[in-house]
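Listed below are the residues making up each chain.
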Amino acid sequence: MMEEGRTPYDLLLKGGYVIDPANSINELMDVAIRGDHIAAVAKSIPVEESQKVVDVSGRYVTPGLIDIHVHILPVFEGSVTSDLIALRSGVTTVVDAGSSGCKNFEEAKTSIIDKSKTRVLALLNIASCGMCLGEQKLTEMDAVAAAEMIARYPDILVGIKSAHYMGAGFESIDHAVHAGRLSHTLVMVDFGVKATASYEDLLLKHLRPGDIHTHFYARHFPLLNDDGKVQDYVWKARERGVIFDVGHGAGSFWFHRAVPAINQGFVPDSISTDQHAFSLLLIDATMPTVMSKFLNMGMTLEEVIKRSTVNPAREIQRPELGTLSVGAGADVTVLERRKGEFGFVDCGRNGMRGDYRLECQMTIRNGKILWDVNGISCPDWEKSGD
Ligand SMILES: [Zn+2]
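What you are looking at is a predicted structure, and each value in this text was computed from that prediction instead of being measured.

Q: For this particular structure, what's the right way to read the overall build of the protein?
A: Assigned secondary structure in the protein consists of 11 helices and 15 strands. At 21 Å, the protein has a C-alpha radius of gyration in line with the 21 Å of a compact globule built from 386 residues. Its C-alpha atoms give the protein principal-axis dimensions of roughly 70 × 45 × 35 Å. Out of the 386 residues in the protein, the part that is buried amounts to 57%. Within the protein, residue pairs in contact and separated by at least 24 positions form 76% of the contacts whose partners lie at least 6 positions apart. Accessible surface computed for the protein: about 16200 Å², of which carbon and sulfur atoms make up 51%.

Q: What exactly am I supposed to notice about the state of the cysteines here?
A: What we call a disulfide is simply a covalent bond connecting the sulfur atoms of a pair of cysteines. Evaluated as defined, the whole model comprises 1 disulfide. Between the sulfur atoms of Cys129 and its disulfide mate Cys132 the distance is 1.7 Å. Its S-S torsion of about 50° marks the bond between Cys129 and Cys132 as right-handed, since a negative value means left-handed. We classify Cys129 as buried; its relative accessible area is 17%.

Q: Could you clarify how one ought to interpret the environment of Thr286 in this entry?
A: When you line up the elements, Thr286 lands in the loop between α8 (277-280) and α9 (287-296). Thr286 sits in the buried class, given a relative accessible area of 11%. Sequence spacing of Thr286 and Glu27 is 259 residues, and the spatial spacing of their C-alpha atoms is 26 Å. Among all residues touching Thr286, those that are not within four sequence positions of it are Ser89, Thr273, Gln275 and Leu280.

Q: How should I be thinking about the coordination of the zinc ion in this particular structure?
A: Six octahedral donors around a metal ideally sit at 90 or 180 degrees from one another, while four tetrahedral donors ideally sit at 109.5 degrees. Within the first shell, the zinc ion binds the protein through His69 (NE2), His71 (NE2) and Asp274 (OD), at distances of 2.1 to 2.4 Å. Sequence positions of the donors to the zinc ion reduce to the motif H-x1-H-x202-D. Here the residue His69 occupies a position in strand β6 (residues 65-70), and Asp274 occupies one in the loop between α7 (255-263) and α8, the gap between them amounting to 205 residues. Just as His69 is buried, Asp274 falls in that class too.

Q: Help me understand α9 in this model?
A: A turn of α-helix holds 3.6 residues, and therefore any two residues three or four places apart point the same way. Of all the 10 residues making up α9, 10 are buried; the element is thus mostly covered by neighbouring parts of the structure. Among the residues making up α9, those that are buried are Met287, Pro288, Thr289, Val290, Met291, Ser292, Lys293, Phe294, Leu295 and Asn296. The elements touched by buried residues of α9 are β6, β7 (91-101), α7, α10 (301-306), β13 (332-345) and β14 (351-365). The first or second residue beyond α9 is Gly298, which carries a positive phi of 110°.

Q: How should I be thinking about the sheet that holds β6 in this particular structure?
A: Where strands meet in a sheet, backbone hydrogen bonds hold them as pairs that are either parallel or antiparallel. Overall, parallel pairing links the 7 strands, which are arranged β6-β7-β8-β9-β10-β11-β12 in an open sheet. The outermost strands of the open sheet, each flanked by one partner alone, are β6 and β12 (243-245). Within the sheet, the average angular offset between the axes of one strand and its neighbour, ignoring direction, is 25°. In this sheet, strand β9 (residues 157-162) lies alongside strand β8 (residues 119-125) in parallel orientation, the contact comprising 4 bridges. What sits directly across from Ala122, in β9, is Leu157. Along the sheet, helix α3 (residues 143-152) makes contact with β8 and β9, crossing β9 at roughly 155°.

Q: Help me understand the pattern of salt bridges in this model?
A: Working definition: two side chains of opposite charge can pair if their charged atoms are close together. Tallying each qualifying case throughout the model produces 13 salt bridges. Salt-bridge contacts for Asp211 lead to Arg208; the nearest nitrogen and oxygen are separated by 2.9 Å. Assigned by exposure class, Asp211 and Arg208 land together as buried. Here the salt bridges share partners, and the residues they tie into one network are Arg119, Asp331 and Arg365.

Q: Hey, could you run me through the nonpolar core in this one?
A: Across soluble globular proteins, nonpolar side chains have a tendency to be buried as a group. The biggest cluster of nonpolar side chains holds 80 residues, and the ones touching the most others in it are Leu203, Tyr217 and Phe294. Of all the elements, α9 adds the most residues to this core, at 5 residues. Contact partners of Phe294, with chain neighbours within four places excluded, come to Tyr217, Val246, Phe253, Ile262, Pro268, Ile271, Met299 and Val304. Ranked by size, the runner-up nonpolar core spans 17 residues in total, among them Leu13, Ile25, Val334 and Met362.

Q: Explain the packing of α3 against helix α4 (residues 171-183) to me, please; I cannot follow it from the model alone.
A: Their axes nearest at 8 Å, the elements α3 and α4 cross at an angle of 40°. Taken together, the axes of α3 and α4 are oblique relative to one another. Here α3 and α4 pass one another in a crossing that is right-handed. Residue-level contacts link Ala143, Val144, Ala146, Ala147 and Ile150 of α3 to His175, His178, Ala179, Leu182 and Ser183 of α4. Residue composition of the contact of α3 with α4, grouped by class: 7 nonpolar, 3 polar and no charged.

Q: I tried to follow the side chain of Asp190 on my own but got confused; where do I start?
A: Take Asp190: it is sitting in the loop between β10 (186-189) and α5 (199-206). Of note is the side chain of Asp190, whose polar atom sits 3.5 Å from the side chain of His215. Beyond its immediate stretch of four places on either side in the chain, Asp190 contacts Lys161, Ser162, Ala163, His164, Thr214 and His215.

Q: What is the right way to look at the pairing of β10 in this model?
A: Regular strands show a simple pattern: their side chains alternate between the two faces of the sheet. Here β10 shows no split at all, with Leu186 and Met188 on one side and Val187 and Val189 on the other all buried. By the bridge criterion, 4 bridges tie β9 to β10 in an arrangement that is parallel. Counted as the bridge partner of Ile160 is Val187 from β10. Summarising the sheet, β10 and strand β11 (residues 212-214) pair through 2 bridges and their orientation is parallel. Note that in β11 the partner of Met188 across the bridge is Ile212. Note on the crossover from β10 through α5 to β11: the handedness is right-handed.

Analysis parameters
Residues numbered from 1 in each chain as written. Predicted model: local features only at pLDDT ≥ 70, side-chain atom pairs only at ≥ 80, totals over all residues. Heavy atoms only, no water. Helix = DSSP H or I, 4+ residues; strand = E, 2+ residues; numbered from the N terminus. Rg over C-alpha atoms; globule rule 2.2 N^0.38 Å. Buried < 20%, exposed > 50% of the residue type's maximum accessible area, 1.4 Å probe, protein only. Contact = heavy atoms within 4.5 Å. Areas by Shrake-Rupley, 256 points an atom, 1.4 Å probe, with all protein chains shown as cover. Disulfide = S-S within 2.5 Å. Donors = N, O, S within 2.8 Å, 3.2 Å for Na, K, Ca; no water. Pairing = 2+ DSSP bridges. Axes fitted to C-alpha atoms, helices over the stretch in contact; angles between N-to-C directions. Salt bridge = Lys/Arg side-chain N within 4 Å of Asp/Glu carboxyl O. Core = buried A, V, L, I, M, F, W, Y, C linked by side-chain atoms within 4.5 Å. Parallel < 35°, antiparallel > 145°, perpendicular 65-115°, else oblique. Left-handed = near helix turned anticlockwise from the far one by under 90°. Nonpolar A, V, L, I, M, F, W, Y, C, P; charged D, E, K, R; others polar. Polar contact = N/O pair within 3.5 Å; in protein donor to acceptor, adjacent residues only side chain to side chain. Right-handed = clockwise from strand over helix to strand, strands pointing away.

What follows is the structure in structure tokens.
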């Protein structure tokens with residue numbers, strides 16, 4: 001029942017262009033929030049119905065962005081603080097991609113995840129010590145222990161990660177997939193192609209439908225054949241349900257791979273940054289910049305938003321995220337698409353000119369405004385009183 005004197009809504013985003021691919025919304029709409037959830041999305045919601053009104057006309061209102069490949073948990077020396085980077089980038093949910101394993105996940109949970117304002121989910125490294133030398137040691141890979149840890153923290157752990165394995169074959173991948181089967185979760189892989197372990201076998205024989213290959217526009221994968229065409233077996237892998245995620249990082253995104261692949265229609269299923277200390281400077285692997293690259297390579301804004309919200313939410317089996325459905329948690333991002341002369345850098349330090357750059361104006365997490373770079377939610381000081 002409505003308390004007397006209380007308006008139906010606490011916060012109203014007025015006049016923005018809403019892009020919510022989960023609900024096929026791509027038009028001017030108002031978004032109203034009550035408490036920590038989305039209360040209404042409609043053509044015109046009267047300003048009197050909300051405690052606070054923010055004019056977002058000329059801007060895009062989207063579900064809070066989801067970045068499914070970051071490194072924020074300790075163990076890996078390049079891990080960076082989530083809140084400071086995520087929220088200013090419009091990201092309300094991150095997935096730490098295997099920085100920690102069974103032996104150190106709980107410590108990371110207490111020291112970082114439990115204190116974070118950003119929603120932090122994680123993939124458990126199949127190596128029990130996380131991103132450490134154990135990634136090379138099969139004795140460090142215990143699928144049963146990993147599945148048990150996931151069962152203990154199902155709200156946080158969304159799957160398993162296998163990465164950086166230099167051994168001859170698919171041993172690390174297969175241990176990870178075994179753990180994925182035991183825990184009914186996905187596996188994300190970072191993989192080194194070798195003479196004894198081909199990319200084709202990885203995609204067609206070792207990964208399951210729903211498993212994710214991250215970094216697929218990296219130079220070290222034979223995504224394209226000698227004629228520059230996307231390999232037939234890569235298309236087949238997509239047909240059988242293998243997911244292709246960007247995982248930009250400091251070494252895994254090359255315009256030489258991405259532009260021809262996108263021109264042939266091979267676009268990513270999800271856009272992610274692989275954000276860590278070494279991919280932030282110069283390359284600027286933040287969501288708005290990585291998304292801007294795809295916009296300038298010819299994808300529409302709606303396609304880019306879809307791959308940064310609803311698609312990653314579904315990939316990690318959290319369909320309640322990445323949407324502005326009424327009743328969903330109030331994680332909302334306000335973006336601006338600037339038009340002008342811009343430039344972008346890939347992992348080989350190659351540049352690309354572009355006409356558009358996305359910028360995060362405002363980030364709302366759980367109904368609270370936590371980032372507002374231009375102060376559009378704040379009263380003008382000359383009118384606000386002392
Ligand atoms: Zn990574």
